[in-house]
Amino acid sequence: MHNFRTGTPSDAARCLDIEIAAYEGDEAATLEKITQRLCEYPQGFLVLEMDDKLIGFINSGCAHKVEMADEDFKELIGHSPEAPNVVVMSVVIDPDYQGRGLSTRMMDEFIRRMNAMSKQTIHLMCREQHVPLYEKFGFTYIRPSQSDHGGWVWHEMLMTL
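Enquirer: Go over the pattern of salt bridges with me, naming the residues and quoting the values.
Expert: For the structure shown, the criterion picks out seven salt bridges. Put simply, Lys65 and Glu67 hold a salt bridge, and the shortest N to O gap is 3.5 Å. Taking the relative accessible area as the measure of exposure, Glu67 reaches 46% and is therefore partly exposed. For Glu109, the salt bridge is made with Arg112, and the minimal N-O distance between the two is 2.7 Å. On the criterion of helical spacing, the pair formed by Glu109 and Arg112 is a turn pair, its members being three residues apart in helix H3 (residues 102–116). When its relative accessible area of 47% is taken as the criterion, Arg112 is described as partly exposed.

Dropping the structure here:
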């Protein structure tokens, strides 16, 4: 049985553990960034629980103009809660729970919530191997990103709501 809810600051440490376990090297956000996102934009921080344990999350911010390679946005510089464009910063499932279709359920719920908030677009960056997954969710491939976050090549994806 799984449950979705809005994240709270008390989730930060567990979210960091999942982020570190799921992402490679410098790809993972810091505890400070996760805590800031939980405090400043909880409406964009979806948590997935299973058996009363936090096992995944999606976090985001909103912008009037989206620049995917903007590293400052990861610290919510330029974030405007009322802006129509959602920028996803992390989509993470604890590695122990991957392969069960949970990321699909979590993304479906996130999209439903963004629709309910009257957002217009959802933007994200992913590594090349994840492009087909996000296309399956309904995202369109845009281009390779100028971002070199964590020393990786990233690809920009877009969903129009």
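Enquirer: I'd like to hear about the packing of helix H1 (residues 12–22) against helix H2 (residues 31–40), residue by residue, with values.
Expert: The contact between H1 and H2 brings their axes to 9 Å, and the two run at 130 degrees. As the angle between them shows, H1 and H2 are arranged oblique. By crossing handedness, the relation of H1 to H2 is classed as right-handed. Across the interface between the two elements, Ala12, Ala13, Cys15, Leu16 and Glu19 of H1 pack against Leu31, Ile34, Thr35 and Leu38 of H2. When grouped by side-chain class, the residues that make up the contact of H1 with H2 number seven nonpolar, one polar and one charged.

What counts and what doesn't
- Residues numbered from 1 in each chain as written.
- Predicted model: local features only at pLDDT ≥ 70, side-chain atom pairs only at ≥ 80, totals over all residues.
- Heavy atoms only, no water.
- Salt bridge = Lys/Arg side-chain N within 4 Å of Asp/Glu carboxyl O.
- Buried < 20%, exposed > 50% of the residue type's maximum accessible area, 1.4 Å probe, protein only.
- Helix = DSSP H or I, 4+ residues; strand = E, 2+ residues; numbered from the N terminus.
- Axes fitted to C-alpha atoms, helices over the stretch in contact; angles between N-to-C directions.
- Parallel < 35°, antiparallel > 145°, perpendicular 65-115°, else oblique.
- Left-handed = near helix turned anticlockwise from the far one by under 90°.
- Contact = heavy atoms within 4.5 Å.
- Nonpolar A, V, L, I, M, F, W, Y, C, P; charged D, E, K, R; others polar.

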